[in-house]
Amino acid sequence: MTEGAMTANTKIQRKAKYQPTETERRVLDHVENPRYDRQIVNGLDPFISGSAPEEMRGFYSSDELAELQPLTGSARDVEARMPVKITRHYFEMARNSRSLQRLVKASADETADLEGDEDPAGQLDYSPVEGLLHKYEMALLYVISTCSAHCRFCYREELIARKEVAHADGTVKKKGLAQPGEVTDYIRAHNAAVAANGGRHPETGRPKLREILLSGGDPMVLPNSKLAGWLTALAEAGAEVIRIGTKELAFHPQRFDGALMSMLDLFHEVYPDVALRFMVHFNHPDELLDKAPDGGYVAGYVAGENGRFRWNRRVAQAVEQITSRGWICVENQSPIIRGVNDDPDALRLLQQTLKAAGIENHYFFGGRNIVAYKAFNVPVETAWRILNESQQGLSGVEAHARLTLVHFKGKTEVAAVTDEPIPGVPGAENGVVVFKVLRSPQDASGRGRTAIVGRNPEALWFDDYDDRVIVDEAGLFNFKRPKRVEIAAAAETARSQQDSGGGAKARLTPAQRRHDEELHKQRSASAGRKAGG
């Protein structure tokens, strides 16, 4: 083959750039692209070298830096696990908040135990196109691999840190980002097959793909032109609902300015039938409210204003921009993280404050089994108690949020945790935990199915209940990933366990079970004293 022919062949194989339609141009040709100065500090080095802005230099204490510096370049390098990044606005909010500091400040305990799954919940099993996860009627798109600041407990640490991970086809590489042309081609092809087959895909049985979540990273870090490009391309491909997952309201609320809102208004004018939802991430009321130097909240502008505290001005203005538009739905979801928001009083105030501002409380999550999850996760039963206690005293409309865990089998609610034994039921001597599947990744058939397990006060993940299963109609504890999409690294681990005589997790010894039961009794007694005190 001649050099010219090879060049021509290469051009044919190169993916064609997505070409917007005339309708899309009615939006795209009128987008403003301001530059947003987030005044970001990247990495630990500015704090170590003293090159950070003067007022930010004390954000890390000398003891904290002395503990972190020796880890650089080692297997416990905290920045290799998750890069350090903070905006000026978030620094100002965090300087008087230990909870927010825990959220963004690196600490040595993050890498003390690196156990965890590089692909939690088997996300890559459902990735037919690079950067797209197709779960039931919804697709999630990785459209960017960074945020304005980085949460230390981030569930996408492998994407943010640009790590190489094992894919379903056996390759090991970094996760790629979604591309508009490939994504819209996939949506159209899937939906055409569904329509031609009476409402279900002929091979997978899935329904129409009608809802798309822009994620990453944080889509709001994209310039307005690229964000608008995604919105219009997805609308043209037939998306009925577009969600934008973002923590930018907390990290850099100035992003929600007139230029952004003008673009969204124009998008709604051109595509009025496409619903737009912002899935925001407020983890703690300190991200919303002004605090005094002594750590207390500042009273509202008007004395006796329904007992409310004063919002941070920038955050209030940004929230007002999106909640004032009735065609935008705004919902909050947050994990419950140790040292950040594992406090019933904080979660109660967060739910009250958000609902009063027109933001719905969607989900609270138990921590996922990501790499290094043991540094951040709250035990499952503790998280349930914290959320349940936080909702005591809330009204019905304020207390919509449920506690969920993301399992291979789907999004699963921690529906109940009981204290009393169930007579005659082996394994229920110390009470039980009830799990209920809310959404299945493949189809809807698993919704509503339950699993009941004996309590384990120390359980951080489903694995910690393997030896305590009482009923499992949901299949949460015997689920095997399909061989056709089994990740090579996971398969190798399983073979190694079998070769070493491992396999299924061993049941607890009587001594270990007695230890857990004693912990349960002590915590129940302590909770009772607090309730009565």
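Within each chain, residues carry numbers counting from 1 in the order of the written sequence. Only residues with pLDDT of at least 70 are given local features in this predicted model, and only at 80 or more are side-chain atom pairs given and counted; all residues enter the totals for whole chains, interfaces and linings. To obtain the side-chain values, all non-hydrogen atoms of the structure were included, while hydrogens and water were left out.

Q: Sorry if this is basic, but what is going on with the packing of aromatic side chains here?
A: The way to describe two aromatic rings as a pair is by their centre distance and the angle between their planes. For Phe, Tyr and Trp, rings pair up if their centres lie within 6.5 Å, where Trp contributes its six-membered ring, and each pair is then called stacked (planes under 30 degrees apart), edge-to-face (over 60) or tilted (otherwise). Going through the model one piece at a time under the given rule, you end up with 14 aromatic pairs. Plain terms: the ring middles of F47 and Y60 are 5.0 Å apart, the flat faces sit at 55° to each other, and that makes the pair tilted. Remark: Y60 occurs in the loop between α3 (45–49) and α4 (62–68) and F47 occurs in helix α3; sequence separation between them is 13 residues. Between Y90 and F251, the aromatic rings sit 5.0 Å apart at their centres with planes inclined by 80°, giving edge-to-face as the arrangement. Taken together, the residues Y90 in helix α6 (residues 88–94) and F251 in helix α11 (residues 248–251) connect sequence positions 161 residues apart. Only runs of H or I of at least four residues qualify as helices and only runs of E of at least two qualify as strands under DSSP, and these elements are numbered from the N terminus.

Q: Help me understand the environment of L214 in this model?
A: Assignment of secondary structure puts L214 in strand β7 (residues 211–215). Think of it in three bands: with a 1.4 Å probe and only protein chains considered, a residue is buried below 20% of the maximum accessible area for its type, exposed above 50%, and partly exposed in between. Judged by its relative accessible area of 0%, L214 falls in the buried class. Residues L214 and F278, spaced 64 residues apart in sequence, show a C-alpha to C-alpha distance of 9.7 Å. Ignoring sequence-local partners within four residues, the contact set of L214 consists of L141, V143, P219, L227, W230, L231, L234, I242, R243, I244 and G245. Contacts: residue pairs with any heavy atoms within 4.5 Å of one another.

Q: I keep staring at the nonpolar core and nothing clicks. Help me out?
A: Generally speaking, soluble globular proteins have nonpolar side chains that are buried together. With 122 residues, the main nonpolar core has L141, L214, L234, F278, F282 and F435 as its most contacted residues. A total of seven residues in this core trace back to one element, the largest contributor, which is helix α12 (residues 258–270). With residues near it in sequence (within four places) discarded, F282 still touches K247, L249, A250, E287, L288, V315, V319, N332, S334, L350, L354 and I359. What we call a nonpolar core is a set of buried Ala, Val, Leu, Ile, Met, Phe, Trp, Tyr and Cys residues that are connected through their side-chain atoms within 4.5 Å. Counting residues in hydrophobic clusters, the runner-up holds seven residues, among them L133, L140, Y142 and M279.

Q: Is there a simple way to explain the pattern of salt bridges in this structure?
A: When the charged atoms of two side chains lie near each other, side chains of opposite charge can form a pair. Basic side-chain nitrogens of Lys or Arg form a salt bridge, by our definition, when they fall within 4 Å of a carboxyl oxygen of Asp or Glu. Evaluation of the coordinates by the stated rule reveals 29 salt bridges. Two residues, E287 and K247, come together in a salt bridge whose shortest N-O distance is 2.7 Å. You can see E287 sitting in the loop between β9 (275–280) and α13 (313–323) and its partner K247 sitting in the loop between β8 (241–246) and α11, a full 40 residues away along the chain. Like K247, E287 is buried. Each member of the salt-bridge network shares a partner with another, and the members are E55, R88, E92 and R314.

Q: Any chance you could explain the packing of helix α9 (residues 180–196) against helix α10 (residues 224–236) here in plain terms?
A: Viewed as axis vectors pointing N to C, α9 and α10 meet at an angle of 20°, and their least axial separation amounts to 9 Å. In this view, α9 runs roughly parallel relative to α10, as classed from their interaxial angle. As α9 runs across α10, the sense of the crossing is right-handed. Where α9 approaches α10, its residues P180, V183, T184, I187 and R188 are matched on the opposing element by W230, A233, L234 and E236. Lys, Arg, Asp and Glu make up the charged group, whereas Ala, Val, Leu, Ile, Met, Phe, Trp, Tyr, Cys and Pro make up the nonpolar group; the residues left over, Gly among them, are polar. Across the contact of α9 with α10, the residue classes break down as six nonpolar, one polar and two charged. Interaxial angles span 0 to 180 degrees and are taken between N-to-C directions of axes, which are lines fitted to C-alpha atoms, for helices over the stretch in contact. For this classification, under 35 degrees means roughly parallel, over 145 means roughly antiparallel, 65 to 115 means roughly perpendicular, and everything else is oblique. Throughout, a crossing is termed right-handed when the near helix is turned clockwise from the far one, and left-handed when it is turned anticlockwise from it by less than a right angle.

Q: Explanation requested: helix α15 (residues 380–390) in the structure shown.
A: Every α-helical turn comprises 3.6 residues, leaving residues that sit three or four positions apart pointing alike. Of all eleven residues in α15, eight are buried, a share of seventy percent or more. For α15, every residue scored as buried is listed here: V380, E381, T382, A383, W384, I386, L387 and S390.

Q: Whenever I open this one, the confidence of the model for the protein chain confuses me. Can you help?
A: Where the model shows low pLDDT, its predicted coordinates should not be examined in detail. As a per-residue quantity, pLDDT reports the predictor's confidence and falls between 0 and 100. Of all residues in the protein chain, 86% attain a pLDDT of 70 or more, and the chain-wide mean is 87. Within the model, pLDDT remains below 50 along residues 1–13, and this stretch shows one contact once partners closer than five positions in the same chain are excluded. The low-confidence segment residues 526–533 (pLDDT under 50) makes zero contacts with residues lying over four places distant or belonging to another chain.

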